[in-house]
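Here's the letter readout for the chains.
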Amino acid sequence: MADTVDNTIFVKRSKVKKKILRKQLKASHILLKHEGISTVSQPTKSLVVANGGLGNGVSRQELSAVLKEFGEIERLVMPPQKPYAFVTYRSEAGAQKAHAQLNGKSLKCEDNVVTLYLSYVQSVPCEEAGSLSLPVGLTLLDSFVSPEEEALLLAALDWSPGNDEVTAQKAMKHRRVKHYGFEFRYDNNNVDKDKPLPAGIPAECLPILERCLSNQIIDILPDQLTVNQYESGQGIPPHIDTHSAFEETILSLSLGAQTVMDFRHPDGGLVALVLPGRSLLVMKGESRYLWTHGITPRKCDVVPSCDPQSSAPVPTDNQTQSRLTLSRRGTRTSFTFRRIRHEPCRCGFPSVCDSQRVSAVPEPSLPSLPTCHADAAHLEKEYVHRVYNSIAPHFSSTRHSPWPRVCHFLSSLPPGSMVADVGCGNGKYLSVNPEVIAVGCDRSSALIQICAERGFQVFVSDALMLPLHSASFDACISIAVIHHFSTQERRLAAVRELVRLLKPGGQALIYVWAYEQEYNKQRSKYLKEQSKEKYSMTNSTSNGTQDLCERSSQPLEDKHNSGENIQCVSKLADGKLSIHTNRTAFKSQDLLVPWHLKDEKIQRGEYSGENLEYKASSGYGLCSGNRSDCNPGSDFKISIGSSLGLSSESQTSPDSATERSSVTVFHRYYHLFQQGELEHLCGQITGVKVESSYHDQGNWCVLVEKTA
Ligand SMILES: O=C(O)CCC(=O)C(=O)O
Ligand SMILES: [Fe+2]
Ligand SMILES: [Zn+2]
C-alpha cells in the first residue's frame, strides 16, 4: 500500500519534472530563435533566466534576491525590456544550485507572478550603454520618509558653530559635515572606535531606523551617523566607505533637493542615479564594497525629462538618451547611517578591502616583453586597454589640440571622402574636416563614451580586427596607436588591417612615437616640456604627445639608426620591461611609460582647465524616475539606474584628497619606433607604397597609399 502511494508521488513528480524540462527547452528554443542566445547543456557559471527579465516586470532587486540564495553573484545583466536576464555566479556550483532549485519555480514580484526557466550559457552579453540596471546590492527606496519627517529631521540639525565639538562639525571644501555616534576622520579614513562622540544618533532618526528594521533593510541599529549638506554646485569625491570602519549595510537618506550620485565599477562601468528628496539609498554587497559612489560638484544635473518625482514609467534605453533634461540643484542634506565594524572586514572584494590588503595583494612585478600572441594580448590588455579606461577623462582633458600635419592631411581630402580614424581616442580628429564622413573607433570604451557624448560616429573595436568592409575608405588615420602593440607581428597586422580598409588609391597616415626624441639637433616638445613644467605632477600638456614630466638628471642620448639596419635597443634586465622616466630620452625601445593621476583630480572631478568631458559624461545615462507600480502595500518606489562606460580609479575615502593628495601611477606599454622602422613595416605589405615619411615632434610618420 505504502509502495503504491510512494509510486504515485514518484510518477507525479517525474511528470512535473518532464513538464518543466519541456518548458525549459521551449524557452531555450525561443531565446535562440528570437534573440540569438544559444544555451548549452553542460553546466557553466552563467545562466540565462527566462521570464526573469525587466520586460516581465521583474526588478533587479527581486531577481538578485532569489539568485543570491544559491551562491555569490559575479554579474547580473538585465537587458532593458527583455523577458530574460543573465546571471554569472562566482562558482559553477552556484549556477548548478540555482539551476536545480529555481527551474520551473514561480517568482512573486510586486505586480505579477512569473515562472523562471534557467539554462546554462557559455557567455553573457555586456551591459549596453544606456541600459537600465543598478549595481548589484543597491536599492533606492522612494518616499521613504514623509514630508513631515523630513522637516523634523532637518530641524534637528544645529549647524551653529558652538556645536562643533559635539558633532565633529566640519566645513569641507565641497560640503559641510557633522558626525554623530563616532567621528569619521577624513585624515585617516577611519573612525576612532574607542572615542565615541558626546552626541549619539538624534532621537528624531529612531522612527526611521525602526522602519528599516521592520522592513528588514537592516538587522541591527546603526551606531554612526554622518550628515552631509551640499549647496548647489557642491559634491563628494568618488570613494568607497572604508571597509574596516563600517559594517556592510550603508543607508543614505536624501533630504531636500534631489541630486545625481555616480556609481563606478573598477572595470569602467558608470551608473548615474537620481536620488530624489526623501528617498533612502541602501548599499550592500558589491555596490557597497566594490563600486565607488560620489556626487560630482555641479549646479545642474542631466536627468530624464519625465519628472523623477512623478510616477512616470521608466524610459527605455533609446528614450533615456532622447528625453534628457536639466535639473537645477538645490540644497541637499543626507543622513548616512552606518554601523561601526569591530572585526576586520572579510568581504569578497580583497582588491579594494583595507582589512585584507596587506596579505592579499602581492607587490606587482613588472611584466616581460611578450614572445607569443597570448602574452602580447595579455600585456596590452593590462598595460594599454585597462590603463586608458582608467585614465580616460583625464587623458581626454589633455588631448584637445590636433597636430597640424594630421589636420592638414584631413583638410586636404575631397568633400564626401570616407575617413576612418582607427584609435581615435577622444575624437579630436573626427571634426577637423566637416566635409568628410569620418568614423572613429578605439579599444577603450571609456574614450569611445567621451566621443559618443560629443556626437561623433564611433564604436569600440580592436585595431587588429576592424568590423569594417575592405576597400571602403578613401583615407585612414592611425595616430599614436600602433606603438601600443607589443610584437612586430601585431604591429604589422595593425598596419595591414588599416590598409585593408582603403580603396585602391586611398591613403593612410600613421603616427607612432619615436625612439629618437632629438632629431636634427632639435629636442622634441616632449623633452622640452621638462623645464617648462617644473616637474609638476599635474599632467597638463596641451598638445604634446605624452604625459607629465618628472625630474630627471639623465643626459639625453642621441642615437640614430639607419632604416636599413634596425637594431633592437631594448635593454631588458632579466627580461622585464623597465619603467621610463618621463621627459627623458628613451633608454630602450620597449618600456612602460607612467601616467600620473592625481587622485584629488579624479575624485573631485576637477580636471584642469576645461573639464567638459568629465562633466558631460557623468551627467548622462541617468536613471529613470520610478516604477509607479512597485510595492502597492507601502509608498516605496524603486528607481532603476542605467550604466555606461566610464571609469574611475580612486578608491580612497571621501575627503582624503582634501587633506592629502595622493597620486595613482598607471603604466602604459609602448614600443618606440626607430628611424626607418615604420617604413620597413609598411614595406612588408604588398600593394602599398610609402608616399612620404617624416619626423614630427618626436613621432615617426608615414603616408602610405594602397596601389592595388
Ligand atoms: O551624501 C550622500 O548621500 C553620501 C555621503 C557619503 O557617501 C559619505 O559620507 O560617505
Ligand atoms: Fe560614502
Ligand atoms: Zn572588505
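All values reported here derive from a predicted model rather than from experimental measurement.

### Focus on the pattern of salt bridges
- For the structure shown, the criterion picks out 18 salt bridges.
- With a shortest N-O distance of 3.2 Å, R443 and D462 are connected by a salt bridge. Within this pair, whereas R443 is found in the loop between β25 (437–442) and α11 (445–453), its partner D462 is found in the loop between β26 (458–460) and β27 (473–479), the two being separated by 19 residues in sequence.
- For D462, a relative accessible area of 24% corresponds to the partly exposed category.
- Each of the salt bridges in this network shares a partner with another, and the network as a whole consists of K45, E72, E74 and R90.

### Details of the coordination of the iron ion (ligand 2)
- Distances from the iron ion (ligand 2) to its protein donors, H239 (NE2), D241 (OD) and H293 (NE2), fall at 2.1 to 2.2 Å.
- In terms of primary sequence, the donors binding the iron ion (ligand 2) are separated according to H-x1-D-x51-H. One end of the pair, D241, is in the loop between β15 (236–239) and β16 (250–256); the other, H293, is in strand β20 (residues 292–295), with 52 residues separating them in the sequence. Neither D241 nor H293 differs from the other in exposure class; each is buried.

### Here we look at unusual backbone geometry
- With a phi angle near 75°, N51 is a residue other than glycine that sits in the positive phi range.
- Secondary-structure assignment places N51 in the loop between β2 (46–50) and α2 (60–67).
- Within the chain, A480 stands out as a residue other than glycine whose phi angle is a positive 60°.
- Turning to its location among the elements, A480 is positioned in the loop between β27 and α12 (488–501).
- Judged by relative accessible area, A480 falls into the partly exposed class, the value being 23%.

### Let's talk about the coordination of the zinc ion (ligand 3)
- All of the protein donors around the zinc ion (ligand 3) are H243 (ND1), C345 (SG), C347 (SG) and C353 (SG); their distances to the metal are 2.0 to 2.4 Å.
- Bound by four donor atoms, the zinc ion (ligand 3) shows angles of 99 to 128° at the metal and therefore tetrahedral coordination geometry.
- Donor residues for the zinc ion (ligand 3) sit on one chain with the sequence pattern H-x101-C-x1-C-x5-C. You can see H243 sitting in the loop between β15 and β16 and its partner C353 sitting in the loop between β23 (332–338) and α8 (357–360), a full 110 residues away along the chain. Take H243 and C353: they sit in the same class, and that class is buried.

### Some words on the site of ligand 1
- With respect to spatial proximity, 13 residues lie near ligand 1, and among them Y230, S252, H293, R332 and S334 are the closest.
- Taking H239, its side chain carries an N or O atom lying 3.1 Å from an oxygen atom of ligand 1.
- Between H293 and ligand 1, the recorded distance is 2.9 Å, taken from a side-chain N or O atom to an oxygen atom.
- Contact with the protein chains hides 99% of the accessible area of ligand 1, taken as 300 Å² for the molecule alone.

### Examining the sheet that holds strand β10 (residues 170–171)
- In spatial order, the strands read β9-β19-β16-β23-β14-β11-β10; together these seven strands make up an open sheet with antiparallel pairing. Only two strands of the sheet have a single neighbouring strand rather than two, namely β9 (138–141) and β10.
- Note that β9 and strand β19 (residues 280–283) share four bridges and pair antiparallel. Bridging from a neighbouring strand, L138 pairs with M283 of β19.

### A short note on the sheet that holds strand β28 (residues 502–513)
- Spatially, β26-β25-β24-β27-β28-β36-β35 is the arrangement adopted by the seven strands of the open sheet, whose pairing is mixed. Taken across any chain shown, the strands that pair with only one partner, and hence form the sheet edges, are β26 and β35 (688–696). Looking at each pair of strands side by side, their axes are set apart by 15° on average, direction ignored.
- By the bridge criterion, seven bridges tie β28 to strand β36 (residues 699–706) in an arrangement that is antiparallel. Paired with Q507 across the bridge in β36 is E705.
- Of the strands in this sheet, β24 (418–422), β27, β28, β35 and β36 touch α12, which is tilted by about 145° from β28.

### Looking at the environment of E497
- Tracing the chain through its elements places E497 in helix α12.
- On the accessibility criterion, E497 (11% relative accessible area) is buried.
- Along the backbone, E497 and L464 are 33 residues apart, and their C-alpha atoms lie at a distance of 6.2 Å.
- If we skip the residues at most four places from it in the chain, E497 touches A463, L464, M465 and L466.
- At a separation of 2.7 Å, a polar atom in the side chain of E497 contacts the main-chain amide nitrogen of L466.

### A closer look at a positive patch on the surface
- Taken together, the side chains of K19, R22, K23 and K26 make up a positively charged region of the molecular surface.
- Residue placement: K26 occurs in helix α1 (residues 2–35).
- Exposure remark for K26: the relative accessible area of 55% places this residue in the exposed category.

### As for the packing of helix α9 (residues 373–397) against α11
- At a closest axis distance of 7 Å, the pairing of α9 and α11 adopts a crossing angle of 35°. Here Y388, N389, A392, P393, F395 and S396 of α9 lie close against α11, whose contacting residues are S445, A446, L447 and I450.

### Observations concerning the pairing of β20
- Where burial is concerned, the two faces of β20 agree: the one with T292 and G294 and the one with H293 and I295 are both buried.
- Bridge count for β15 against β20 is two bridges, and the pairing is antiparallel. Bridging from a neighbouring strand, H239 pairs with H293 of β20.
- Pairing of strand β17 (residues 259–264) with β20, which is carried by three bridges, proceeds in the antiparallel orientation. Each bridged residue has a counterpart across the sheet, and for R264 the counterpart in β20 is T292.

### Brief notes about the nonpolar core
- By size, the foremost hydrophobic cluster in this structure holds 31 residues, and its most contacted members are V422, C476, V495, L501 and I510.
- For this core, the secondary-structure elements that each account for two or more residues are β24, β25, β27, α12, β28, α17 (677–683) and β36.
- Element by element, the count of residues in this core is highest for α12, at six residues.
- For C476, the residues in contact, after removing those within four places along its chain, are F409, A420, L498, L501, L502, Q507, A508 and L509.
- The next biggest cluster of nonpolar side chains, apart from the first, holds 26 residues, and it includes L447, I450, L577 and L592.

### A short note on the packing of aromatic side chains
- According to the stated counting rule, one finds 12 aromatic pairs in the structure shown.
- Consider the rings of Y84 and F86, whose centres lie 5.6 Å apart with planes at 75°: the pair is edge-to-face. Neither Y84 nor F86 differs from the other in exposure class; each is buried.
- Here the aromatic rings of F335 and F337 are separated by 6.3 Å at their centres, their planes lie at 40°, and the arrangement is tilted.

### Looking at the confidence of the model for the protein
- Here the protein averages 78 in pLDDT, and 76% of its residues register 70 or above.
- In this model, residues 307–323 is a region of pLDDT below 50 whose contacts with residues beyond four sequence positions or in other chains number 36 contacts.
- This stretch, residues 359–363, has a pLDDT under 50; its non-local contacts, to residues over four places away or in other chains, come to four contacts.
- Here the complex is predicted with pTM 0.42, and the ipTM for its interfaces comes to 0.98.

What counts and what doesn't
- Residues numbered from 1 in each chain as written.
- Chains lettered and ligands numbered in written order.
- Predicted model: local features only at pLDDT ≥ 70, side-chain atom pairs only at ≥ 80, totals over all residues.
- Heavy atoms only, no water.
- Salt bridge = Lys/Arg side-chain N within 4 Å of Asp/Glu carboxyl O.
- Helix = DSSP H or I, 4+ residues; strand = E, 2+ residues; numbered from the N terminus.
- Buried < 20%, exposed > 50% of the residue type's maximum accessible area, 1.4 Å probe, protein only.
- Donors = N, O, S within 2.8 Å, 3.2 Å for Na, K, Ca; no water.
- Tetrahedral: all angles 85-135°; square planar, octahedral: opposite > 155°, others 65-115°.
- Near = heavy atom within 4 Å.
- Polar contact = N/O pair within 3.5 Å; in protein donor to acceptor, adjacent residues only side chain to side chain.
- Areas by Shrake-Rupley, 256 points an atom, 1.4 Å probe, with all protein chains shown as cover.
- Pairing = 2+ DSSP bridges.
- Axes fitted to C-alpha atoms, helices over the stretch in contact; angles between N-to-C directions.
- Contact = heavy atoms within 4.5 Å.
- Patch = residues over 30% accessible without salt bridge, like charges linked within 9 Å, V, L, I, M, F, W, Y side chains within 5 Å.
- Lys, Arg positive; Asp, Glu negative; His and termini not counted.
- Charge placed at Lys NZ, Arg CZ, Asp CG, Glu CD.
- Core = buried A, V, L, I, M, F, W, Y, C linked by side-chain atoms within 4.5 Å.
- Phe/Tyr/Trp six-rings, centres within 6.5 Å; stacked < 30°, edge-to-face > 60°.
- pLDDT = per-residue confidence, 0-100.

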